[in-house]
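Residues per chain are reported as follows:
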Amino acid sequence: MLLPFSLIVGLIAYAAWPSEPGMLLHGVAGLMALGVIGGALLLGSLGGLRLGVQLAALALGFCLLPLHAAVYDAKMLTRAVYGTYEARVDEIISAGADGQRVVISDLVPQEGARMPDIRRARLFLPNEPALAPGDRIRAAMRLAPVPGPVLPGAHDGQFHAYFSGIGAYGSVTGGTVSVVAAGDEGNMVRRVQALRNFIGARIDAVLVGASAAIGKAMVMGDQSDITDETRDVMAASGLAHIYSISGLHLSIVAGGIFWLVRLALASVPLVVGWPVKKISAVAGILAAFFYLLLAGGMDNVPAFRSTLMLGLIFGAVLAGRRALTMRNVAIAAFVILLIDPASLFRPSFQLSFSAVVALIGVYEMPRGGTPAANGTVDRLVKLVSATAWTSFIAGFATLLFSAYHFQQTAPLGVVGNLLALPFVSFVIMPFGVLSVLAMPFGADAPFLMVMGWGIERMVDVAELVAGWSAGLTGNPLLAGWTLLVGLLALAWFALLAERWRLLLPALAMPLILVFGFEPRPDVLVADTTQAVAISSGEGMALASGRTGSFAVDVWSRHYQTPIAAQHPGARCDSLGCVVSTDAFSVAIVRNAAAFAEDCFGHDLVIARIRPPVGCGAEGVMIGPEQLAAGGVHWLHWDAAAGRFDVRPAITNLNRPWRVVPR
């Protein structure tokens, strides 16, 4: 049970190490674990052997990310390149009305273009021609370095791209993409993508708008057509998890196939004496695996985790053993982290496993005897209460992680799930499965129409609950250490038995509520654009730059506040700007002629050109070198100290996934 948590500690230790650990450090960690195991075997100590195994898991976690990067041959582009290239399409990330997002590899420069030293790149392409894995394309491209995080502690695109073997982001500059050679039609990945495209086209032919977008997300894992408005409504009502294929969907599909096959076999007299339950379990496993392929395979962590769990559950049925145990969760977590160790640092992994650990942990706790349900009303009450209780447990277990990553809570999520899950369980998913089964015969339209009706009612519920939640949802900004506290509480909950497992989560909650919240920034400085946002009244406003840029949009979404186009306290000319507030003053220098006047007398000086020595000595100086090394800068005014607290989005450049400025 402790092995996955030891592996996780090793992964976190590597990611948080101040510089890239050398081979010597990795070797020492492994030798220490082997030494403890060897000593325990010589002494016949079971406790020592257990300690050695845990140390070995920790050492493995410490080495796993660099080993994974070596397998992917990860290299990062350090400066933009332009030119015509041929490349092979490896993966279709999404394909919608706005274009296609694909992963390419095997780049070959054409017409004198420079060869980029990368293995793979992610491209945004026009939606024509339609592409499939294995196709070889030719186009004029712009390949750029992968951007870093846009806020301290935010999603780190460089980290995740590096451990996926993606060294650059790019787009087509000429507007034309030609397919040089089609891929092998017998390739399994290509066939699965063709099937996904076929299913998506059939859904689009029958459904429109949010129904089509959510239908494709729930059937085949493609969320690219879901609008921001729909996402916001679903998140506010606590229903955002429904369009992300996970345990709920796979359980309905695989469990439904298990039940149908078992019912069908039990109705046939000729199969008396057959292992009907085991045959049905095999059918359930195959259904889960097929659904995983439609959902994007192992890249879809919640779906992959759920498929592993269902495999273990149905495997327990085949072996005649108990299915739902914390041990199965530990095995699934260990396998996923071995295959994709970087997934630990993604919200999907954290949300998925925290919910499952909580549900199984509560399920394992002793309960008083519950009287059997008699009659339809009693069974209905039990079903409603079980749904509400399950939603509450999962929502509470994932609250910390969702609040940290998405800065949003859904206070009425239990109500939303209680009202929406009947549509999901009894209408959307069953008729979605029937529509896929009917597609080869061209008879899917009636089933898709019923599924679409169910989605419309689910969206109605989401809008209703989101309206009730107006004014109740907050914008919590949590410190990074709260995730470690949450992990520790989760480990305690998973390892201890009975009611003692509730102790640490109960202690962690007030600790986070009292000490875990971050202050809001007073100044945000973009690194690659001119944007500088400064607090203004209840929100923020730009002293430099323009609205609509990527960084400004992300800042606005993250802090859930509009950023005005012009700061009321800004006085600007051709040389720069000076912004005065009740608490501090900021000088923004655009031209070297402004340094003589603006270098002194301000609490913060921001310069896009190299400043003279001593400039900004009275406060904080952020120049081009700081922006190149640290990326976006976050600043909060400390009134007691009379200074700014400064946090760069990038704290060091000596890790292999960092793009070193040149």
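Model, not experiment: these values are computed from the prediction. (Residues numbered from 1 in each chain as written. Predicted model: local features only at pLDDT ≥ 70, side-chain atom pairs only at ≥ 80, totals over all residues. Heavy atoms only, no water.)

1. Description of the side chain of Ser343
Here is the rule we go by: To qualify as a helix, a DSSP run of H or I must reach at least 4 residues; to qualify as a strand, a run of E must reach at least 2; elements of each kind are numbered from the N terminus. In protein, a polar contact means a hydrogen-donor-capable atom and an acceptor-capable atom, both N or O and within 3.5 Å, with residues adjacent in sequence counting only if both atoms are side-chain atoms; elsewhere, any N or O pair within 3.5 Å suffices.
Inspection of the secondary structure assignment puts Ser343 in the loop between α11 (326–339) and α12 (347–364). Reaching out from Ser343, the side chain makes a polar contact with the backbone oxygen of Asp340 at a distance of 2.7 Å.

2. Thoughts on the pattern of salt bridges
Heads up, the rule is: Think of a salt bridge as a Lys or Arg side-chain nitrogen and an Asp or Glu carboxyl oxygen that are within 4 Å of each other. Buried, partly exposed and exposed residues are distinguished by accessible area as a fraction of the type maximum, computed with a 1.4 Å probe on protein chains only: under 20%, between the cut-offs, and over 50%, respectively.
If you walk through the whole model with that rule in mind, you get 19 salt bridges. Across the salt bridge formed by Asp106 and Arg88, the nearest N and O atoms sit 3.7 Å from each other. One end of the pair, Asp106, is in strand β2 (residues 99–110); the other, Arg88, is in strand β1 (residues 81–96), and 18 residues separate them in sequence. Overall, Asp106 belongs to the partly exposed group, its relative accessible area being 39%. Residues Arg658 and Asp156 are paired through a salt bridge, measuring 2.5 Å at the closest nitrogen-oxygen approach. Taken together, the residues span a long stretch of sequence, with Arg658 in the segment after β16 (643–648) and Asp156 in the loop between β4 (136–144) and α4 (157–162) at a distance of 502 residues. Each member of the pair, Arg658 as well as Asp156, carries the same accessibility label: buried. In this structure, a network of salt bridges that share partners links the residues Glu86, Arg88, Asp90, Asp106, Glu111, Arg136 and Arg138.

3. Brief notes about the packing of aromatic side chains
Our working rule: Aromatic contacts are taken between Phe, Tyr and Trp rings whose centres are within 6.5 Å, Trp giving its six-membered ring; a plane angle under 30 degrees counts as stacked, one over 60 as edge-to-face, and the others as tilted.
With the rule as written, the count across this model stands at 17 aromatic pairs. Arranged with centres 6.2 Å apart and planes meeting at 85 degrees, the rings of Tyr14 and Phe62 form a pair that is edge-to-face. Here Tyr14, found in helix α1 (residues 3–16), pairs with Phe62, found in helix α3 (residues 46–72); they are 48 residues apart in sequence, far enough to count as distant. On the accessibility criterion, Tyr14 (1% relative accessible area) is buried. Phe62 gets classed as buried once you look at its relative accessible area, which sits at 5%. When the centroid spacing of 5.0 Å and the interplanar angle of 85 degrees are considered together, the rings of Phe159 and Trp657 count as edge-to-face. Taken together, the residues Phe159 in helix α4 and Trp657 in the segment after β16 connect sequence positions 498 residues apart. The exposure class of Phe159 is buried, given its relative accessible area of 6%.

4. Focus: the environment of Val108
The condition is simple: Contact between two residues is taken to exist if any of their heavy atoms lie within 4.5 Å; hydrogens are not considered.
By secondary structure assignment, the location of Val108 is in strand β2. Between the C-alpha atoms of Val108 and Leu310, which are 202 residues apart in sequence, the distance is 43 Å. Setting aside residues no more than four positions away along its own chain, Val108 makes contact with Thr84, Tyr85, Glu86 and Arg136.

5. Looking at the sheet that holds strand β6 (residues 523–525)
Filter applied, for reference: Only strands joined by at least two bridges in the DSSP assignment are considered to pair.
With mixed pairing, 6 strands are arranged side by side in an open sheet as β9-β8-β7-β6-β15-β16. The open sheet has two edge strands, β9 (563–564) and β16, and neither has a second partner. The pairing of strand β7 (residues 532–536) with strand β8 (residues 539–544) spans 5 bridges and is classified as antiparallel. Within β8, the position partnered with Ser536 by the bridge is Gly539.

6. Notes on the sheet that holds strand β10 (residues 570–572)
In a beta sheet, neighbouring strands are held together by backbone hydrogen bonds and run either parallel or antiparallel to one another. Cut-off, in case you're wondering: Axis geometry follows a simple rule: fit a line to the C-alpha atoms, using only the stretch in contact for helices, then measure angles between N-to-C directions, giving values from 0 to 180 degrees.
With mixed pairing, 5 strands are arranged side by side in an open sheet as β10-β11-β12-β13-β14. Looking at which strands have only one partner, the edges of the open sheet turn out to be β10 and β14 (620–622). Strand-to-strand twist in this sheet, taken as the mean axis angle between neighbours without regard to direction, amounts to 15 degrees. Bridge count for strand β11 (residues 576–580) against strand β12 (residues 585–589) is 5 bridges, and the pairing is antiparallel. Within β12, the position partnered with Gly576 by the bridge is Val589.

7. A short note on the nonpolar core
Rules: The set of buried Ala, Val, Leu, Ile, Met, Phe, Trp, Tyr and Cys residues whose side-chain atoms join them within 4.5 Å is what this entry labels a nonpolar core.
By size, the foremost hydrophobic cluster in this structure holds 87 residues, and its most contacted members are Phe163 and Met458. Leaving out residues up to four positions away in the same chain, Met458 has contacts with Ile214, Met234, Leu239, Ile242, Ala420, Val424 and Ile428. Grouped together as the second largest cluster of nonpolar side chains are 22 residues, Leu77, Ile92, Ile118 and Leu125 included.

8. What about the state of the cysteines?
Rules: Only a pair of cysteine sulfur atoms within 2.5 Å counts as a disulfide in this structure description.
The final tally for this structure, using the stated rule, is 2 disulfides. One disulfide in the model links Cys572 with Cys577; its S-S distance is 2.0 Å. Between Cys572 and Cys577, the S-S torsion sits near 115 degrees, and that sign places the bridge as right-handed. What makes Cys572 partly exposed here is its relative accessible area of 42%. A relative accessible area of 0% places Cys577 in the buried class. Here the cysteine-cysteine linkages of the protein are recorded as 1-2, 3-4, numbering only bonded cysteines and doing so in sequence order.

9. Here we look at α12
Just so we agree on the cut-off: The length a helix should cover is 1.5 Å for every residue beyond the first.
Helix length check: α12, at 18 residues, gives a terminal C-alpha distance of 26 Å against a target of 26 Å (1.5 Å per residue), a fit within 8%. Within the span of α12, buried status applies to Phe349, Gln350, Ser352, Phe353, Ser354, Ala355, Val356, Val357, Ala358, Ile360, Gly361 and Val362.

10. A closer look at the pairing of β11
In terms of burial, β11 is a largely internal element, 4 of the 5 residues being buried. Sheet topology places β10 next to β11; 3 bridges connect them, and they run antiparallel. Directly across from Ala570, in β11, lies its bridge partner Val579. Linking β10 back to β11 in an antiparallel pair, the connection comprises 3 residues. Linking β11 to β12, which pair antiparallel, is a turn of 4 residues.

11. Side note on the packing of helix α6 (residues 209–220) against helix α15 (residues 445–469)
Quick reminder of the rule: Reported orientations rely on four angle classes, namely roughly parallel under 35 degrees, roughly antiparallel over 145, roughly perpendicular from 65 to 115, and oblique for the rest. Residues were grouped as follows: Ala, Val, Leu, Ile, Met, Phe, Trp, Tyr, Cys and Pro as nonpolar; Asp, Glu, Lys and Arg as charged; and all remaining residues, including Gly, as polar.
Direction vectors running N to C along α6 and α15 enclose 105 degrees, while the axes themselves pass 9 Å from each other. When the interaxial angle is binned, α6 and α15 end up roughly perpendicular. Across the interface between the two elements, Ala210, Ser211, Ile214, Gly215 and Val219 from α6 touch Met451, Gly452, Ile455, Glu456, Met458 and Val459 from α15. Along the lines of polarity and charge, the residues of the contact of α6 with α15 split into 7 nonpolar, 3 polar and 1 charged.

12. Looking at the pairing of β8
We apply this condition: For crossovers, right-handed means that the path from the first strand over the helix to the second runs clockwise, given strands pointing away from the viewer.
Of all the 6 residues making up β8, 6 are buried; the element is thus mostly covered by neighbouring parts of the structure. In the sheet, β8 pairs with β9 via 2 bridges, with the strands oriented parallel. By the bridge assignment, Ala541 is partnered in β9 with Ala564. For the segment spanning β8, helix α18 (residues 550–559) and β9, crossover handedness is right-handed.

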